[in-house]
Amino acid sequence: MSLETSLRSALGRARGLGSAKEGAASHWMAERLPAIALVPLALWFVFVAVIPNLGASHAEIVAFMGSPFNATLMLLTVLCGFYHGMLGLIVILEDYIQAHTARNIAVFATKLYAALGAALAAVSILKLSVGG
Amino acid sequence: MKTHPRPLSPHLQVYKLHTKVTSMLSITFRVFGAVLMTAGTFFFLLWIVSAASGASAFEAVQGFYGTWFGYLVLFGFTVVLFYHLCNGIRHLLWDTGFGFDMPTLRKTGAIAIGAAATLSVLAWIAGLAAL
């Protein structure tokens, strides 16, 4: 790398950002920050939120979600999960769907589903926790 | 115009995927990620939305998760989630520049499978004990 075979400087090459003309780094970072948060959140979700509530009655799940701590962690799991999942699925669709129209529709549908699912889950969590 | 047979680029079939551990781990990670965002979020929404909708809806959904098919769904998703989680940590390590040589790739891949299997078994021991 130290031997330059091009007259273009390293800074100039980095500034170009390729044919996309805009940075992919923001999408890349946006997918990874929730991923880091999801490492402890996913473990909490399985071992604390789901397993102890297997076969729980409605009163038991209301009591569980009534704890502000549980409701907060569930909300964070939902928001990070849907956001990370949306970005990840969009990358997959962009990689494998060749036709422009089909790709754009699939990407748009993924965004709609993520927004709908995250909002539906968030309202449900808030209703269980503060809607008594 | 006469056409000549031209050399083709290698198709997927020419690679012995079952002997290439790292590529199998990679595509499985992607497929499981897509499964989590589609079917995984659906089964999660079913659970949380029914809980918020009231007692009768929630009991019906809990009844579904108590059937053999419900257990299959739950067991499947523990494996899918834990594999995506463990291999995702590999990805986060690669983002720091760590572990791109083949021996390390095979080693971290084996660790990811082992960790995902251990977490799945632990979840199921805890799950069956909780019932």
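Each value, and the rule that gives it
Residues numbered from 1 in each chain as written. Chains lettered and ligands numbered in written order. Predicted model: local features only at pLDDT ≥ 70, side-chain atom pairs only at ≥ 80, totals over all residues. Helix = DSSP H or I, 4+ residues; strand = E, 2+ residues; numbered from the N terminus. Rg over C-alpha atoms; globule rule 2.2 N^0.38 Å. Buried ≥ 20, exposed ≤ 12 C-beta atoms within 10 Å, placed from the backbone. Contact = placed C-beta atoms within 7 Å. pLDDT = per-residue confidence, 0-100. Nonpolar A, V, L, I, M, F, W, Y, C, P; charged D, E, K, R; others polar. Expected span 1.5 Å × (residues − 1). Core = buried A, V, L, I, M, F, W, Y, C linked by C-beta atoms within 7 Å. UniProt positions renumbered as here; feature names shortened; annotations may be inferred. Axes fitted to C-alpha atoms, helices over the stretch in contact; angles between N-to-C directions. Parallel < 35°, antiparallel > 145°, perpendicular 65-115°, else oblique.

A count of helical and extended segments in chain B gives four helices and zero strands. Seen in sequence order, chain B has helices and strands lined up from the N terminus as α-α-α-α. At 21 Å, chain B has a C-alpha radius of gyration far larger than the 14 Å of a compact globule built from 131 residues. For the C-alpha atoms alone, the extent of chain B along its principal axes is close to 70 × 45 × 25 Å. Classification of the 131 residues of chain B by burial places 24% in the buried group. In chain B, 69% of the contacts between residues at least 6 apart in sequence involve partners at least 24 apart.

Let us now look at the overall build of chain A. For chain A, the count of helices and strands is five helices and zero strands. Ordered by position from the N terminus, the helices and strands of chain A form the series α-α-α-α-α. Relative to its 132 residues, chain A shows a buried fraction of 24%. Put simply, of all contacts in chain A between residues at least 6 apart along the chain, 70% involve residues at least 24 apart.

A few words on the confidence of the model for chain A. Across chain A, the average pLDDT comes to 89, with 86% of residues at or above 70. The least confident element of chain A is helix α1 (residues 10-16) of chain A, whose mean pLDDT is 69; the most confident is helix α5 (residues 100-130) of chain A, at 97.

At the interface, 28 residues of chain B touch 26 residues of chain A. Contributions of two or more residues to the side of chain B that touches chain A are made by α1 (21-53), α2 (55-65), α3 (68-95) and α4 (102-130) of chain B. A total of eleven residues in the side of chain B that touches chain A trace back to one element, the largest contributor, which is α1(B). Here the side of chain B that touches chain A is built from residues that sort into 18 nonpolar, seven polar and three charged.

This part is about α3(B). Along its 28 residues, α3(B) runs 40 Å from first to last C-alpha, staying within 8% of the 40 Å computed at 1.5 Å per residue. Buried residues of α3(B): B:F77, B:T78, B:V80, B:L81, B:F82, B:Y83, B:H84, B:L85, B:C86, B:N87 and B:G88, and no others. Packed against the buried residues of α3(B) are α2 (25-50) of chain A together with α1 and α4 of chain B. Positive phi shows up at B:G97, right after α3(B), with a value of about 95°.

Turning our eyes to something else, we now look at the nonpolar core. Counting residues in hydrophobic clusters, the biggest one holds 42 residues, and the most contacted among them are A:A42, A:V46, A:I125, B:I48, B:A51, B:L81 and B:F82. Sorting the residues of this core by element identifies α2, α3 (58-66), α4 (68-96) and α5 of chain A together with α1, α3 and α4 of chain B as the ones contributing at least two each. The leading source of residues in this core is α1(B), at eight residues.

Attention now moves to the UniProt feature "transmembrane region" (unreviewed entry) in chain A. Following the UniProt record, the feature "transmembrane region" (unreviewed entry) maps to residues 33-51, 71-93 and 105-126 of chain A here. Between the end C-alpha atoms of residues 33-51 of chain A the distance is 26 Å, and the span holds 95% helix and 0% strand.

All right, on to the environment of B:W68 then. Relative to the helices and strands, B:W68 is located in helix α3. Sequence separation between B:W68 and B:L85 is 17 residues, and the spatial gap between their C-alpha atoms is 26 Å.

All names here are of chain A. Put simply, α3 and α5 touch, their axes get as near as 7 Å, and they point 95° apart. In terms of orientation, α3 lies roughly perpendicular with respect to α5. Between α3 and α5, the residues in contact are V62, M65 and G66 and I125, L128 and S129, respectively. Broken down by class, the residue content of the contact of α3 with α5 amounts to four nonpolar, two polar and no charged.

What follows deals with the packing of α4(A) against α5(A). Residue and element names in this part refer to chain A. Direction vectors running N to C along α4 and α5 enclose 175°, while the axes themselves pass 10 Å from each other. Accordingly, the angle class assigned to the pair α4 and α5 is roughly antiparallel. Residue classes in the contact of α4 with α5 are distributed as 18 nonpolar, four polar and three charged.

Right, let's get into the environment of A:I97. Residues and elements named next belong to chain A. Locating I97 in the fold gives a position in the loop between α4 and α5. On the neighbour-count criterion, I97 (15 C-beta atoms within 10 Å) is partly exposed. Spatially, the C-alpha atom of I97 lies 41 Å from that of G55, the residues being 42 residues apart in sequence. Leaving out residues up to four positions away in the same chain, I97 has contacts with A102, R103 and A106.

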